[in-house]
Amino acid sequence: MSSPVVSHIIGTLAVLQSVILMLAAFSFLEFQYNMQAQSLMLGEVAESAAREVMELVSVYTLGGTSTSYMVLSLPSTLAGQPYTLTIGESAQNVLNVTARLQVYYQVRVVVTPNFGQNPVHAVKGSVSIGDLTVKDTLYMPLPPGQVPVVVAFKQGDSILVGFSSIPVTP
């Protein structure tokens, strides 16, 4: 005949195992929904930045000055997570804007129209133009008092596009 203590221990262990399995299932579902939400936010940030790159290039090719920039309307973080924007190119006049978190990234390719005679390229690495340092990567959030900008400038016969930051003017 078994002791009631042994039966109680076996029953308690079975209840604990089922609770642990339910917690694991709910944690996995929460992780999945969180990744979907972050993917959506990254896609929106990449598309927004790509649209603003397209706007600046369009205005610049229609008669911009030697260097033009436009303030990017981006959130400083995505659900409290820092992110990175990168600009690159897959062909002449085709720019890629990539938004990334630590372990997940989203890529959007935007065809940049060229209304002028000059080809459009993404900055590779870092280029200094006066007070601005134009880079192919923008790390968000920026230090306090800085706002992100997209910059277009001429180098030789090409128009180069990249990211930078400028101080906030009161």
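Residues numbered from 1 in each chain as written. Predicted model: local features only at pLDDT ≥ 70, side-chain atom pairs only at ≥ 80, totals over all residues. Heavy atoms only, no water.

Caption draft 1: Structural context of the pairing of strand β3 (residues 94-100). Along β3, six of the seven residues are buried, which leaves the element largely enclosed by surrounding structure. Two elements, strand β2 (residues 83-91) and β3, share seven bridges in a ladder whose sense is antiparallel. Residue pairing in the sheet places Gly88 in a bridge with Asn96 of β3. Counted between consecutive antiparallel strands, the loop separating β2 from β3 contains two residues, among which Asn93 sits at a positive phi close to 70 degrees. (Buried < 20%, exposed > 50% of the residue type's maximum accessible area, 1.4 Å probe, protein only. Helix = DSSP H or I, 4+ residues; strand = E, 2+ residues; numbered from the N terminus. Pairing = 2+ DSSP bridges.)

Caption draft 2: Summary view of unusual backbone geometry. With an omega of 5 degrees, the peptide bond running from Met140 to Pro141 counts as cis. Along the chain, Pro141 falls in the loop between β8 (137-140) and β9 (146-155).

Caption draft 3: Local environment of a nonpolar patch on the surface. A contiguous nonpolar surface patch, about 960 Å² in accessible area, is contributed by Val15, Val19, Met22, Leu23, Phe26, Phe28, Leu29, Phe31 and Tyr33. You can see Leu29 is positioned in helix α1 (residues 4-61). (Patch = residues over 30% accessible without salt bridge, like charges linked within 9 Å, V, L, I, M, F, W, Y side chains within 5 Å. Areas by Shrake-Rupley, 256 points an atom, 1.4 Å probe, with all protein chains shown as cover. Salt bridge = Lys/Arg side-chain N within 4 Å of Asp/Glu carboxyl O.)

Caption draft 4: Spotlight on the side chain of Thr84. By the element assignment, Thr84 lies in strand β2. With near-sequence residues (within four places) excluded, Thr84 lies in contact with Thr98, Ala99, Arg100, Thr137, Leu138 and Tyr139. (Contact = heavy atoms within 4.5 Å.)

Caption draft 5: Region of the structure containing the nonpolar core. If you look at the biggest cluster of nonpolar residues, it comprises 29 residues, and the most contacted ones within it are Val53, Leu74, Tyr83, Leu85, Leu138, Val161 and Phe163. For this core, the secondary-structure elements that each account for two or more residues are α1, β2, β3, β5 (120-122), β8, β9 and β10 (158-167). With nine residues, α1 is the largest single contributor of residues to this core. Residues contacting Leu85, with those up to four places away along its chain left out, are Val45, Ala49, Leu74, Val97, Thr98, Ala99, Asp136, Thr137, Leu138 and Phe163. Among the nonpolar cores identified, the runner-up in size contains 10 residues, and Ile129, Val149, Phe153 and Leu160 belong to it. (Core = buried A, V, L, I, M, F, W, Y, C linked by side-chain atoms within 4.5 Å.)

Caption draft 6: Geometry of the pairing of β10. In terms of residue burial, β10 counts as a mostly covered element, since eight of its 10 residues are buried. Bridge count for β5 against β10 is three bridges, and the pairing is parallel. Of the residues in β10, the one forming a bridge with Val120 is Ile159. Across 10 bridges, the pairing between β9 and β10 is antiparallel. What sits directly across from Val151, in β10, is Gly162.

Caption draft 7: Representation of the side chain of Gln38 in the model. The topology assignment puts Gln38 in helix α1. Of the residues examined, Gln38 reaches a relative accessible area of 10% and is grouped as buried. Setting aside its immediate chain neighbours within four residues, Gln38 contacts Gln81 and Leu101.

The analysis is restricted to geometry; functional conclusions fall outside its scope.
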